[in-house]
Amino acid sequence: MDHLPLDRVIEGDCRQILASLPDRSVDMIFADPPYNLQLGGELTRPDNSKVDAVTDAWDKFASLADYDAFTRAWLAECHRVLKDDGTLWVIGSYHNIFRVGAALQDIGYWILNDIVWRKANPMPNFKGTRFTNAHETLIWCAKSPEARYTFNYDAMKALNEDLQMRSDWLLPICSGGERVKTDGQKAHSTQKPEALLHRAILAASNPGDVILDPFFGSGTTGAVAKRLGRHFVGIEREPRYIRVALERIGAVTPLDAKAQAVTTSRKAEPRVPFGSLVEAGIVQPGTVLVDPSRRHSARVRADGSLATRDASGSIHQIGAHVLGAPACNGWTFWHVEHKGQLVPIDAFRQQVRAQMSAAA
């Protein structure tokens, strides 16, 4: 293909479809591949009722070698179609995630985190022969060790009540009204909760980005991507899942641009030198700046530097000088008299940034 089929689901084997997509064309990949559970018979509860487990044909492989070959093939194609600054997420259980992790490193991906999805309501171990399997593992990778990649750190911190987001995520499994059903039965045996995709997509992409899911299933990735203002490309080999996914995504209403916005890092904001405020006439040469207590003062010069009786330099250097400190954030230290009140010069910087963002 010469271009990406945006916001579409392509039917077929992901290895063949991926091979047809352009190089370096997607911003993020979320993959929920077959787990190769290799169940040795039916699972039953203590009352002998049958557990609705994963017994689908797509999860069966003849051997571990076959599974490894399959895994390396689709991961290699994903590496090719991923942009140099993109990231890949892959989720799995103890049945497959360690084999997937080894393949990722062999191909050249750089592992950023392994994230434990702690299930708030896991299925119990009915036979009482093992610990309750209460988590799955996500591996988050950059394309290479040198890659620059998107990580919306401040948005994740805001999502976690202003605490740094940890690598263990406590989220419920997909159930209740969120579970997509067909004729009263689960439409897909391994449907993931939208909360899980919301967090991953919000963390590692921006509005307008393209999210690829090579194992699209019931369309959770597409539904969340559309709601958050991202594009999606889905690949799915089962027509019955495609029908379910398209109907589900069609019912999603995207958030408006303001609702899609997230907390951004100061590092990501445009750099605004103090001199640019002087050039624009926002702060006039000759203006006297003071600290909040009015104990210290300095005069603005035409080149954006400050001068005191015994020193001159940048807003940061002169702030440190008058304090006798090794460093000082001049933006918050220095204030100017404005309409009878002291206003930090950082307030004017934020005005300029807002104008720059609006122009962009």
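Residues numbered from 1 in each chain as written. Predicted model: local features only at pLDDT ≥ 70, side-chain atom pairs only at ≥ 80, totals over all residues. Heavy atoms only, no water.

As named in an unreviewed UniProt entry, the protein is Methyltransferase, taken from Hankyongella ginsenosidimutans. Per UniProt, the protein has the following entry under Sequence similarities (unreviewed entry): "Belongs to the N(4)/N(6)-methyltransferase family." Its UniProt record gives the protein the following Catalytic activity (unreviewed entry) comment, quoted word for word: "a 2'-deoxyadenosine in DNA + S-adenosyl-L-methionine = an N(6)-methyl-2'-deoxyadenosine in DNA + S-adenosyl-L-homocysteine + H(+)". (UniProt positions renumbered as here; feature names shortened; annotations may be inferred.)

Chemist: So what exactly am I meant to see when it comes to the overall build of the protein here?
Modeler: When you go through the protein residue by residue, the secondary structure sums to twelve helices and 16 strands. Against the 2.2 N^0.38 benchmark of 21 Å for 360 residues, the protein shows a C-alpha radius of gyration of 27 Å, more extended than a compact globule. Principal-axis analysis of the C-alpha atoms gives the protein an extent of 85 × 50 × 40 Å. Among the 360 residues that make up the protein, the fraction classed as buried is 44%. Look at the contacts in the protein between residues 6 or more apart in sequence, and 67% of them connect residues 24 or more apart. Accessible area for the protein stands at about 19000 Å²; split by element, carbon and sulfur atoms hold 50% of it. (Helix = DSSP H or I, 4+ residues; strand = E, 2+ residues; numbered from the N terminus. Rg over C-alpha atoms; globule rule 2.2 N^0.38 Å. Buried < 20%, exposed > 50% of the residue type's maximum accessible area, 1.4 Å probe, protein only. Contact = heavy atoms within 4.5 Å. Areas by Shrake-Rupley, 256 points an atom, 1.4 Å probe, with all protein chains shown as cover.)

Chemist: Explain the nonpolar core to me, please; I cannot follow it from the model alone.
Modeler: Soluble globular proteins: nonpolar side chains tend toward being buried together. The biggest cluster of nonpolar side chains holds 33 residues, and the ones touching the most others in it are Met 28, Phe 30, Trp 89, Leu 138 and Leu 196. Looking at this core, the element that brings in the most residues is helix α5 (residues 194-204), giving seven residues. Beyond its immediate sequence surroundings of up to four residues, Trp 89 is in contact with Met 28, Ile 29, Phe 30, Ala 31, Ile 115, Leu 138, Ile 139, Trp 140, Trp 169, Ala 200 and Ala 204. (Core = buried A, V, L, I, M, F, W, Y, C linked by side-chain atoms within 4.5 Å.)

Chemist: How should I be thinking about the pattern of salt bridges in this particular structure?
Modeler: It is possible for side chains of opposite charge to pair when their charged atoms get near one another. Here the structure, examined in full by the defined rule, presents 17 salt bridges. For the salt bridge of Arg 15 with Asp 13, the shortest nitrogen-to-oxygen distance reads 2.7 Å. For Arg 15, a relative accessible area of 35% puts it in the partly exposed group. For Asp 13, a relative accessible area of 24% puts it in the partly exposed group. One salt bridge in this structure joins Glu 238 and Arg 240, with 3.8 Å as the shortest N-O distance. When salt bridges with common partners are traced through the structure, they connect Asp 23, Glu 77 and Arg 80 into a single cluster. (Salt bridge = Lys/Arg side-chain N within 4 Å of Asp/Glu carboxyl O.)

Chemist: Hey, could you run me through the sheet that holds strand β9 (residues 210-213) in this one?
Modeler: Hydrogen bonds between backbone groups are what pair the strands of a sheet, and the pairing can be parallel or antiparallel. The eight strands are arranged β1-β10-β9-β2-β3-β5-β4-β6 in an open sheet whose pairing can be described as mixed. On the outer flanks of this sheet lie β1 (8-11) and β6 (168-171), each paired with one strand and no other. Adjacent strand axes in the sheet meet at a mean angle of 20° when their direction is disregarded. Taken together, the five bridges between strand β2 (residues 26-31) and strand β3 (residues 82-92) define a ladder with parallel strand orientation. Along β3, the bridge assignment pairs Ala 31 with Val 90. The strands that helix α2 (residues 64-81) touches are β2, β3 and β9; relative to β3, the one it contacts most, it runs at about 150°. (Pairing = 2+ DSSP bridges. Axes fitted to C-alpha atoms, helices over the stretch in contact; angles between N-to-C directions.)

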